[in-house]
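Close look at the chain arrangement
The primary structure of each chain is shown beneath.
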Amino acid sequence: MEQIFRKLLDQSVKHLQALEGRGHITFKIITTEGEAFGNLEVKPISQKKKKRPSLYPHGEITNYALPVLLSVKPDQVVSIPIGKYDPEILRSTACSWASKTWGKATYSSTVCKSKNSVEIYRFPL
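Residues numbered from 1 in each chain as written. Predicted model: local features only at pLDDT ≥ 70, side-chain atom pairs only at ≥ 80, totals over all residues. Heavy atoms only, no water.

Membership of the largest hydrophobic core comes to 19 residues, with the highest contact counts inside it found for Leu69, Ile80, Leu90, Trp102, Tyr107, Val118 and Ile120. It is helix α3 (residues 87-102) that provides the largest number of residues to this core, a total of six residues. The residues contacting Tyr107, other than those within four sequence positions of it, are Cys95, Ala98, Ser99, Trp102, Ile120, Tyr121, Arg122 and Phe123. (Core = buried A, V, L, I, M, F, W, Y, C linked by side-chain atoms within 4.5 Å. Buried < 20%, exposed > 50% of the residue type's maximum accessible area, 1.4 Å probe, protein only. Helix = DSSP H or I, 4+ residues; strand = E, 2+ residues; numbered from the N terminus. Contact = heavy atoms within 4.5 Å.)

Axis separation between helix α2 (residues 60-70) and α3 bottoms out at 10 Å; the angle between their running directions is 55 degrees. Relative to α3, α2 is oriented oblique. Crossing handedness for the pair α2 and α3: right-handed. Between α2 and α3, the residues in contact are Ile61, Thr62, Tyr64, Ala65, Leu66, Leu69 and Leu70 and Ile89, Leu90, Thr93, Ala94, Trp97 and Trp102, respectively. Grouping the constituent residues of the contact of α2 with α3 by class yields eleven nonpolar, two polar and no charged. (Axes fitted to C-alpha atoms, helices over the stretch in contact; angles between N-to-C directions. Parallel < 35°, antiparallel > 145°, perpendicular 65-115°, else oblique. Left-handed = near helix turned anticlockwise from the far one by under 90°. Nonpolar A, V, L, I, M, F, W, Y, C, P; charged D, E, K, R; others polar.)

Volume-wise, the largest pocket comes out at about 310 Å³. Around the largest pocket, the lining is made up of 14 residues, and of these Ser54, Leu55, Tyr56, Ile61 and Ile89 lie nearest the centre. A total of three residues in the lining of the largest pocket trace back to one element, the largest contributor, which is α2. Residues that form the lining of the largest pocket fall into these classes: six nonpolar, five polar and three charged. (1 Å grid on protein atoms, 1.4 Å probe; cavity = no way out; pocket = protein on both sides within 12 Å on 5 of 7 lines; lining within 4 Å. Points joined across faces, edges and corners; volume = space filled by probe spheres on them.)

This is the structure we're talking about:
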């Protein structure tokens with residue numbers, strides 16, 4: 001570190017230590033050389049959890065269910081065939097779209113295993 005920067009650092013640390021001594025702050029300065037000043041405990045940065053890979057490409061299930069969902073009128077039941085999709089993922093995707101489009105608490109859904117489909121009932125207005 002150049003001498004001028006070292007002088008500025010020493011002055012800054014001196015001022016910060018005065019504030020710390022009066023209980024106004026806690027601080028930690030770590031130089032690029034690894035030299036540390038101050039008493040603040042620095043915790044390591046936690047790694048973000050990795051997302052698990054999606055079973056289906058983005059938008060595939062919505063595009064599959066959308067033609068059926070667009071035709072639903074109030075007080076009507078529709079059935080979306082499960083096809084190659086996981087039933088709960090299909091139901092969840094359909095419910096997400098319904099909540100965004102129609103609003104919360106405006107429909108009910110279930111996985112109907114006997115018919116191998118997801119049924120959605122849109123409540124009357």
